[in-house]
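The chain contents come next:
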Amino acid sequence: MQEVTRYIQTHRDDFERDLADLLRIASVSADSRQNSETRRAAEWVAGQFKQCGLAPEIIPTAGHPLVYAETPAVPGKPVALVYGHYDVQPPEPLDEWITPPFEPTVRNGNIHARGATDDKGQMLTHVKGVEAWLNSVGKLPIQVKFLIEGEEEVGSVNLAPFVERHREKLACNAIVISDSSQFAPGVPAITYGLRGIAYYELKLRGPKQDLHSGTFGGAITNPAGALATMLAALKDADGRIQVPGFYDEVLPLTDRERAEYRALPTTEEQFMQSVGVDGMFGEAGYTALERRWARPTCDINGLTSGYQGEWAKTVLPARASAKFSFRLVPNQDPKKISAALQKFLEARVPPGIQMELVDHHGAPGIVISLDSPYMRAATGAISAAFGRPPVFVREGGSIPIVNTFSRQLGADVLLLGWGQNDDNTHSPNEKFNLNDYHLGTLASACLWEEISRLPPTKQ
Ligand code: BES
Ligand code: ZN
């Protein structure tokens, strides 16, 4: 292990240069104009494995390709599967970036670029940890498999069927994912819960074409107004979702969780300051942390209708649409939510409006047992690398495939986030702290050692 640590310490510059190379590739999975860049990112990741002497595969899917690689089997030892994603969210609004999103720039010890933390930088820590083992010791103490995908940011729709069809190939005891955050700078965390998601687009059509709002306004339903009314009906003034049955399966927070969250070193004032607001809104009866981590919600992600150009235009738009999504918690089922939502909205379509509800993607949330040998191994690895043990948190984001992994592979999921909450994921000036990048790499390398000391397994 000492040689591994030394390798990581002496290759910091190389690791940073490689991260910057990957960050220069505009692998925006949602944007088909970037398909060749997205492909290039897959090839780049495969190239990293090749450089370590592994034999990676680029596996085509109906969408963006998967990259798979594995280190040699170690009989009698557990197997770990590292999952990550090389795709990124769209970088817009571009004019709010201090330096362009695909021109990585280091400022104050942070590397700034789209995907820096989510997930290129975090994913690469595991590649570099394995590189360190292979280039110093020559082999790993356990087998590590890698599955790196290119569609996480658009719902991993092609990955779930792949996992179902390749359970043998992906067979493992622990699934290791670094695509989340630490609790705060200097306070590493293990995430034991993520929210699920159900993502929709509501399209409303009114008159056959845009109309003069003076000539026609007041006589027919305005689709933009109808959209606003229908979306507003989704929540009441207390932040409760109004779709019937929405809360039926919600797993409640335990008293222990509520007590533990209250003891975490943060205040609501700090939170408001960090996002730049002077007030908050959300489901009554819960703290902001509880609402973000363990309660379902609904957010509008985009609204489109009418005139938004220069000056003013008196138009009654013919169409209006919105993208919106629910964040779900265990044990809510996205399919049930879709059916209930369809009924709820249909009952609210005003006269003269045609509605279409597009169901983009959905995935359930997860809570992970803290009581497992793999959790203890991860706690040991993080303590060794970061110099203090992790706190246990839930987070509000979603990694759509985790539930499929845990059900199909029957393995423990370890969510070991190296990011920070203020890394600006999905927003302008995304960053990743380079020190966290190197500590994450070290923790990853230590994890394989910790896992190798666990009792032998059948697999
Ligand atoms: N890295 C995030 C997930 C995440 C965010 C975990 C915050 C923990 C805290 C991931 O890449 C992501 O953004 N996922 C999407 C999934 C969606 C597009 C289906 C998300 O949560 O919006
Ligand atoms: Zn993301």
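It should be emphasised that the depicted structure is a prediction, and the values quoted were computed from it without experimental measurement.

Trainee: When you look at the overall build of the chain in this model, what are you seeing that I'm missing?
Mentor: The secondary structure content of the chain amounts to 14 helices and 18 strands. For the chain, whose C-alpha radius of gyration is 23 Å, the value lies close to the compact-globule estimate of 23 Å for 459 residues. Dimensions along the principal axes, computed over C-alpha positions, put the chain at roughly 80 × 50 × 45 Å. Across the 459 residues that make up the chain, the buried fraction comes to 53%. For the chain, the share of sequence-separated contacts (at least 6 apart) that also reach a separation of at least 24 residues comes to 80%. Element-wise, carbon and sulfur atoms account for 50% of the exposed surface of the chain, whose accessible area totals about 20400 Å². The chain carries 45 positive and 55 negative side-chain charges, and their two centres are separated by 4 Å.

Trainee: Even after reading the chapter, I still don't get the environment of Q209, so can you show me in this structure?
Mentor: In this structure, Q209 sits in the loop between β9 (196-205) and β10 (211-212). Between the C-alpha atom of Q209 and that of W418, which follows or precedes it by 209 residues, the distance is 51 Å.

Trainee: So what exactly am I meant to see when it comes to the coordination of the zinc ion (ligand 2) here?
Mentor: Four donors placed tetrahedrally about a metal ideally form angles of 109.5 degrees, and six donors placed octahedrally ideally form angles of 90 or 180 degrees. Taken together, D118 (OD), E153 (OE), E153 (OE) and H426 (NE2) make up the full set of protein donors to the zinc ion (ligand 2), lying 2.0 to 2.7 Å away. With 6 donor atoms in place around the zinc ion (ligand 2) and angles of 52 to 156 degrees between them, the coordination shape is irregular. When the donors of the zinc ion (ligand 2) are listed by position in the chain, the intervening gaps give D-x34-E-x272-H. Placement of the pair is E153 in the loop between β6 (143-149) and α5 (159-165) and H426 in the loop between β17 (412-415) and β18 (431-433), with a sequence separation of 273 residues. By relative accessible area, E153 is classed as buried at 13%. What makes H426 partly exposed here is its relative accessible area of 40%.

Trainee: Whenever I open this one, the sheet that holds strand β13 (residues 319-328) confuses me. Can you help?
Mentor: Strands pair in a sheet through their backbones, by hydrogen bonds, and they do so in one of two ways: parallel or antiparallel. Strand order in the open sheet formed by 4 strands is β11-β13-β9-β14, and the pairing between neighbours is antiparallel. Because the sheet does not close on itself, it has two edges, and the strands there are β11 (297-305) and β14 (354-363). Between one strand axis and the next, the sheet turns by 15 degrees as a mean value, whatever way the strands run. Note: β9 against β13, 10 bridges, orientation antiparallel. Residue L202 lies in a different strand from β13, and its bridge partner there is A322. Relative to the sheet, helix α7 (residues 223-232) contacts β9, β11, β13 and β14, its axis offset from that of β13 by approximately 15 degrees. Sheet contacts for helix α11 (residues 334-346): β9, β13 and β14; angle to β14, the most-contacted strand, approximately 165 degrees.

Trainee: Which parts of the structure should I look at to understand the site of ligand 1?
Mentor: Close contacts around ligand 1 come from 17 residues, with D118, E152, D179, R327 and S398 the closest. A distance of 2.8 Å is found between an oxygen atom of ligand 1 and a side-chain nitrogen or oxygen belonging to E152. At 3.1 Å from an oxygen atom of ligand 1 is found a side-chain nitrogen or oxygen belonging to E153. Expressed as a share of its isolated accessible area of 510 Å², the protein-covered part of ligand 1 is 88%.

Trainee: What exactly am I supposed to notice about helix α1 (residues 2-10) here?
Mentor: It helps to recall that an α-helix has 3.6 residues per turn; residues three or four apart then point in one direction. Restricting attention to buried positions, one finds in α1 the residues V4, Y7 and I8. For α1, the angular spread of the buried residues around the axis is 95 degrees, confining them to a single face. In α1, those exposed residues whose orientation departs by more than 90 degrees from the buried face are Q2, Q9 and T10. In this fold, the buried residues of α1 make contact with α2 (12-23), α4 (116-136) and α14 (434-452).

Trainee: How do you make sense of unusual backbone geometry when you look at a structure like this?
Mentor: Glycine aside, a negative phi is what most residues show, and trans is what most peptide bonds show. Looking along the chain, the bond that leaves E92 and enters P93 is cis, with omega of 0 degrees. By the element assignment, P93 lies in the loop between β3 (79-85) and β4 (105-107). The omega angle of the peptide bond from P330 to N331 is 0 degrees, so this bond is cis rather than trans. Of note, N331 is situated in the loop between β13 and α11. Positive phi outside glycine occurs at N424, with the angle close to 60 degrees. By the secondary structure assignment, N424 is in the loop between β17 and β18.

Trainee: Just checking my understanding: could you explain the environment of L202 for this structure?
Mentor: Here L202 shows up in strand β9. A relative accessible area of 0% means that L202 is categorised as buried. As for L202 and P91, which are separated by 111 residues in sequence, their C-alpha atoms are 24 Å apart. Those residues within four positions of L202 in sequence are excluded, and the remaining contacts are L227, M230, L231, A320, S321, A322, F324, L345, M355, E356 and L357.

Definitions and cut-offs
Residues numbered from 1 in each chain as written. Chains lettered and ligands numbered in written order. Predicted model: local features only at pLDDT ≥ 70, side-chain atom pairs only at ≥ 80, totals over all residues. Heavy atoms only, no water. Helix = DSSP H or I, 4+ residues; strand = E, 2+ residues; numbered from the N terminus. Rg over C-alpha atoms; globule rule 2.2 N^0.38 Å. Buried < 20%, exposed > 50% of the residue type's maximum accessible area, 1.4 Å probe, protein only. Contact = heavy atoms within 4.5 Å. Areas by Shrake-Rupley, 256 points an atom, 1.4 Å probe, with all protein chains shown as cover. Lys, Arg positive; Asp, Glu negative; His and termini not counted. Charge placed at Lys NZ, Arg CZ, Asp CG, Glu CD. Donors = N, O, S within 2.8 Å, 3.2 Å for Na, K, Ca; no water. Tetrahedral: all angles 85-135°; square planar, octahedral: opposite > 155°, others 65-115°. Pairing = 2+ DSSP bridges. Axes fitted to C-alpha atoms, helices over the stretch in contact; angles between N-to-C directions. Near = heavy atom within 4 Å. Polar contact = N/O pair within 3.5 Å; in protein donor to acceptor, adjacent residues only side chain to side chain. Arc of directions from axis to C-beta.

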